[in-house]
Amino acid sequence: MKTLFKALLIFGFVLVGVATLLGWGAVHLLGDVPGVHLTIDGDDVVWTSLDLADAFGAGLGLIIAIGVMCLIVPLLLLLGLGLPLLIIGALVLAGLAALVGVGAIVGSPLILIGLVVWLLVRDKPRKAPMVSPAAPVGPALMPNMPQAPTEPTLHA
């Protein structure tokens, strides 16, 4: 998942860069075309001849717009969509928990009878017999090897 988020973040930055370049190109290329004018309050705005105060105002407006887009819009989406969805999800989960609780109380006699039947009917696995700890443990006997001299043999 980390790779997906990194890829989406890089893709988002690339899209922001492309949009910035397209906007800059549109302003500068369309500003030279006759018949295309940007008019604000009845005054034609010529981008190539902005003085320092106008450029500062435009830059400040861009900074504020970027701040709003990066901070205010995500918070509005989070609080406007995410919080109501979270509240609705919590209410649905509380309703399901209430239904399960009521079902457990109503069905408790059947659950107890089912538990007793299951305990009686289930197949218990058989345990292997336990070796008593007092029994001596000796080496395993090999069929082709000579046995200890204390054991009786049929051979002479």
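Described below are features of the structure shown in this document. (Residues numbered from 1 in each chain as written. Predicted model: local features only at pLDDT ≥ 70, side-chain atom pairs only at ≥ 80, totals over all residues. Heavy atoms only, no water.)

1. Considerations on the packing of helix 2 (residues 52–106) against helix 3 (residues 108–121)
Turning to step 1, where the next piece is worked out: Running from N to C, helix 2 and helix 3 cross one another at 65°; their axes reach a closest spacing of 4 Å. Residues A104, I105 and V106 of helix 2 form the contact with helix 3, whose participating residues are S108, P109 and I111.
Turning to step 2, where the next piece is worked out: Here the contact of helix 2 with helix 3 is composed, by residue class, of five nonpolar, one polar and no charged. (Axes fitted to C-alpha atoms, helices over the stretch in contact; angles between N-to-C directions. Helix = DSSP H or I, 4+ residues; strand = E, 2+ residues; numbered from the N terminus. Contact = heavy atoms within 4.5 Å. Nonpolar A, V, L, I, M, F, W, Y, C, P; charged D, E, K, R; others polar.)

2. Looking at helix 3
Turning to step 1, where the next piece is worked out: The terminal C-alpha atoms of helix 3, which comprises 14 residues, lie 20 Å apart, in line with the 20 Å expected from a rise of 1.5 Å per residue.
Turning to step 2, where the next piece is worked out: Burial of helix 3 is sparse: only zero of the 14 residues sit out of reach of the surface. (Expected span 1.5 Å × (residues − 1). Buried < 20%, exposed > 50% of the residue type's maximum accessible area, 1.4 Å probe, protein only.)

3. Examining the packing of aromatic side chains
Turning to step 1, where the next piece is worked out: Counted under the stated rule, the structure contains zero aromatic pairs.
Turning to step 2, where the next piece is worked out: Over the ring of W118 we find R122; its NZ or CZ atom is 5.3 Å from the centre of that ring. (Phe/Tyr/Trp six-rings, centres within 6.5 Å; stacked < 30°, edge-to-face > 60°. Lys NZ or Arg CZ within 6 Å of the ring centre and 35° of its normal.)

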